[in-house]
Amino acid sequence: MKKLLLGALAALVAIGLLPMTAAWADVTTDEASFVAHINDLRTSKGLPALRVNPALTGKARAWAQTMAARNTIWHSVLSDGLPADWHKLGENVGMGATVDGLHSAFVNSPGHYRNLVDPAFDSIGVGVVRGGGTLFVAEMFMQTRAEKAPATVKPAGTTAVKAQAAKAQTIKAKTAKTKTAKTKTVKARKAPSRARR
């Protein structure tokens, strides 16, 4: 029975009646393209390439699917579903027409760019879902506890960003947020100025 079912499934794929297989292949190619673009950018800046982390990839894929289902983008709760060995997390989310267009939009957005080139991050997971003609992407960044941060980077704020991609297509993106484990924020106070005559 199993052989018959697998044979029928293979026949449907072979004649093209199961387009999801091709779509899945495109999505994994898109994910690999995002990782390649990010690592190319990092190495051009003298930074080490990021390692693909299966837990981050699973979270990113699930989040991209959630955004595609609602046809909008927003940030996840960064630590949800991840192992406890992280020290710092970051996330870029976006929607647009092409991998190249979305990557360019992230590079041109200061908040996204900080995540792309943050020297503290050592791991990445990318999830892409195609919804009609739109790509939904979630890029998850992580610094594991075992790694030491080469430099301190100020966490990004959350703002809406609109960037224009190739062929005058508009891409929506939100600036990434960064979460650091067990840190304490200290506010500096400015001494009052005194005027002299």
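What counts and what doesn't
- Residues numbered from 1 in each chain as written.
- Predicted model: local features only at pLDDT ≥ 70, side-chain atom pairs only at ≥ 80, totals over all residues.
- Heavy atoms only, no water.
- Phe/Tyr/Trp six-rings, centres within 6.5 Å; stacked < 30°, edge-to-face > 60°.
- Helix = DSSP H or I, 4+ residues; strand = E, 2+ residues; numbered from the N terminus.
- Buried < 20%, exposed > 50% of the residue type's maximum accessible area, 1.4 Å probe, protein only.
- Lys NZ or Arg CZ within 6 Å of the ring centre and 35° of its normal.
- Salt bridge = Lys/Arg side-chain N within 4 Å of Asp/Glu carboxyl O.
- Pairing = 2+ DSSP bridges.
- Core = buried A, V, L, I, M, F, W, Y, C linked by side-chain atoms within 4.5 Å.
- Contact = heavy atoms within 4.5 Å.
- pLDDT = per-residue confidence, 0-100.

Peer 1: For this particular structure, what's the right way to read the packing of aromatic side chains?
Peer 2: Aromatic ring pairs are described here by two measures, namely the spacing of the ring centres and the angle between the planes. If you walk through the whole model with that rule in mind, you get 2 aromatic pairs. When the ring of Trp63 is compared with that of Trp74, the centres are 5.0 Å apart and the planes differ by 75°; the resulting orientation is edge-to-face. With a gap of 11 residues between them, Trp63 in helix H3 (residues 54–70) and Trp74 in the loop between H3 and strand S2 (86–96) connect regions that are remote in the sequence. For Trp74, a relative accessible area of 22% corresponds to the partly exposed category. Cation over ring: Lys88 sits above Phe121, and NZ or CZ is 5.5 Å from the ring centre.

Peer 1: What am I meant to see in the pattern of salt bridges here?
Peer 2: When the charged atoms of two side chains lie near each other, side chains of opposite charge can form a pair. This model, assessed by the stated rule, comprises 4 salt bridges. Of the charged contacts, one joins Arg130 and Asp30 as a salt bridge, the two residues approaching to 2.7 Å between their closest N and O atoms. Of this pair, Arg130 sits in strand S3 (residues 123–131) while Asp30 sits in helix H2 (residues 19–44), placing them 100 residues apart in sequence. Relative accessible area serves as the criterion here: at 40%, Arg130 is assigned to the partly exposed category. Judged by relative accessible area, which is 8%, Asp30 ranks as buried.

Peer 1: Whenever I open this one, the pairing of S2 confuses me. Can you help?
Peer 2: The side chains of a regular strand alternate, residue by residue, between the two faces of the sheet. Counting buried positions over the 11 residues of S2 gives 10, a clear majority of the element. Bridge count between S2 and strand S4 (residues 134–144): 10 bridges; the pairing is antiparallel. What sits directly across from Lys88, in S4, is Gln143.

Peer 1: In this structure, what is going on with the nonpolar core? I would like to understand it.
Peer 2: Formed by 19 residues in total, the largest nonpolar core has its most connected members in Phe34, Leu116, Ile124, Val126, Val128, Val137 and Phe141. Of all the secondary structure elements, the ones that give two or more residues to this core are H2, helix H4 (99–107), S3 and S4. Non-local contacts of Ile124, meaning those with residues more than four positions away in its chain, are made with Val35, Ile38, Leu50, Arg51, Val52, Asn53, Leu56, Thr57, Met140 and Phe141. Judged by nonpolar contacts, the second largest core, of 18 residues, contains Leu56, Leu82, Ala138 and Met142.

Peer 1: Sorry if this is basic, but what is going on with the confidence of the model for the protein chain here?
Peer 2: Low-pLDDT stretches of the model should not have their predicted coordinates read in fine detail. In the predicted model, the protein chain carries a mean pLDDT of 73, and the fraction of residues at 70 or more is 61%. When mean pLDDT is taken per element in the protein chain, strand S1 (residues 51–52) scores highest with 98 and strand S5 (residues 160–164) scores lowest with 30. Below a pLDDT of 50 lies the segment residues 1–24, which in the model reaches 6 contacts outside its immediate sequence neighbourhood of four places, other chains included. This model gives residues 152–197 a pLDDT under 50, and the stretch forms 87 contacts once residues within four places in sequence are excluded.

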